[in-house]
Amino acid sequence: MLYFMWLKAFDTVNDIAAIPMFELGQLTRQQAIAMTKKEAVNKQGAYQYWLNAKVITPYIEKGLKQFKQEQAAVLAQKQLAETALKEAEHTEVYRQRDHVWQQAQIQAKRACASGYDQASRDVHLLAEAYHSKGERTAFELRFRRFVSNNKNRKALLTRLQGLSLGCDVAT
């Protein structure tokens with residue numbers, strides 16, 4: 001312990017002669033100086049001095065550009081997946097269109113708000129499915145028939161207002 005305290009004292013004192021030395025068999029003055037001599041730090045080679053904003057700016061800009069490209073690619077992939085899912089849903093609704101029209105009519109006959117809401121969702125989904133298949137005319141014919149069958153259900157017709165497609169759903 002005494003040796004470590006001596007080394008610590010040697011580290012803080014500038015006058016080497018003022019530091020007591022060990023006796024024979026211990027470190028000599030030259031050995032102590034050699035062991036505790038501090039090497040000058042090469043400041044030119046230090047990391048903090050050669051890395052500066054001027055050197056790193058092009059890499060930051062490149063990194064930001066790559067990050068934005070990756071974000072755009074992820075967003076495009078997500079949109080593509082959502083579009084494929086929506087298209088699959090439209091295909092299934094279109095495939096079962098007769099059944100969905102029947103379900104919409106059953107819900108409309110319930111003559112309550114929840115039934116009208118469900119019938120409206122079904123008809124809107126049918127509109128999207130027919131549109132995605134390019135069958136707008138076929139949808140208009142079925143829609144007019146649906147409106148005609150439910151002309152006394154004003155609350156339902158109000159929910160279908162956005163799908164009027166040239167026919168008067170309010171009548």
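Residues numbered from 1 in each chain as written. Predicted model: local features only at pLDDT ≥ 70, side-chain atom pairs only at ≥ 80, totals over all residues. Heavy atoms only, no water.

Trainee: Mind laying out the overall build of the protein, listing which residues take part and the relevant values?
Mentor: Scanning the protein for helices and strands turns up eight helices and zero strands. Reading the protein from its N terminus to its C terminus gives the helix and strand order α-α-α-α-α-α-α-α. Every one of the 171 residues in the protein was classed for burial, and the buried ones make up 22%. The long-range share in the protein, meaning contacts at least 24 apart out of those at least 6 apart in sequence, stands at 51%. Surface summary for the protein: the accessible area is close to 12800 Å², and the carbon and sulfur share equals 57%. (Helix = DSSP H or I, 4+ residues; strand = E, 2+ residues; numbered from the N terminus. Buried < 20%, exposed > 50% of the residue type's maximum accessible area, 1.4 Å probe, protein only. Contact = heavy atoms within 4.5 Å. Areas by Shrake-Rupley, 256 points an atom, 1.4 Å probe, with all protein chains shown as cover.)

Trainee: Give me the lowdown on the nonpolar core, citing residues and values where you can.
Mentor: Counting 21 residues, the largest nonpolar core has W101, V123, F139, F143 and F146 as its most contacted members. Elements supplying a minimum of two residues to this core: α4 (53-95), α5 (97-109), α6 (113-132), α7 (136-149) and α8 (154-159). Residue contributions to this core peak at seven residues, all from α6. (Core = buried A, V, L, I, M, F, W, Y, C linked by side-chain atoms within 4.5 Å.)

Trainee: An account of the packing of aromatic side chains is requested, with residue identities and associated values reported.
Mentor: What the rule picks out here adds up to six aromatic pairs. An angle of 50 degrees between the planes, with centres 5.9 Å apart, marks the rings of W101 and F146 as tilted. With W101 in helix α5 and F146 in helix α7, this residue pair connects regions lying 45 residues apart in the sequence. No difference in accessibility class separates W101 from F146, as the two residues are buried. By way of ring pairs, the aromatic residues Y94, W101, Y130, F139, F143 and F146 are connected into one cluster. In this structure, R97 packs its charged tip against the face of Y94, placed 4.1 Å from the ring centre. (Phe/Tyr/Trp six-rings, centres within 6.5 Å; stacked < 30°, edge-to-face > 60°. Lys NZ or Arg CZ within 6 Å of the ring centre and 35° of its normal.)

Trainee: Could you give an account of unusual backbone geometry, naming the residues involved and the relevant values?
Mentor: A positive phi is found at A111, a non-glycine position, where the angle reads about 55 degrees. With respect to the helices and strands, the residue A111 is situated in the loop between α5 and α6.

Trainee: Can you break down the confidence of the model for the protein residue by residue, with the values?
Mentor: Counting all residues, the mean pLDDT for the protein is 80, and 65% of those residues have values of 70 or more. Looking over the protein, one finds the lowest element-wise mean pLDDT in helix α3 (residues 47-50), namely 56, and the highest in α5, namely 95. (pLDDT = per-residue confidence, 0-100.)

Trainee: Please set out the pattern of salt bridges residue by residue, giving values where relevant.
Mentor: Counted according to the given criterion, the structure contains six salt bridges. K86 serves as the salt-bridge partner of E128, at 3.6 Å between the closest nitrogen and oxygen. With E128 in helix α6 and K86 in helix α4, this pair connects stretches of sequence that are 42 residues apart. (Salt bridge = Lys/Arg side-chain N within 4 Å of Asp/Glu carboxyl O.)

Trainee: Please set out α7 residue by residue, giving values where relevant.
Mentor: The end-to-end C-alpha distance of α7, which contains 14 residues, comes to 20 Å, matching closely the 20 Å that a straight helix rising 1.5 Å per residue would cover. Of the positions making up α7, those classed as buried are F139, E140, F143, F146 and V147. Buried residues along α7 cover an arc of 130 degrees about the axis, so they all sit on one side. In α7, the exposed positions angled more than 90 degrees off the buried face are occupied by T137, L141 and N149. Residues of α7 that are buried make contact with α5, α6 and α8. (Expected span 1.5 Å × (residues − 1). Arc of directions from axis to C-beta.)

Trainee: Describe the side chain of H90, with residues and values.
Mentor: By the element assignment, H90 lies in helix α4. Of the residues examined, H90 reaches a relative accessible area of 8% and is grouped as buried. Apart from the residues within four sequence positions on either side, H90 is in contact with L125, E128, A129 and S132.

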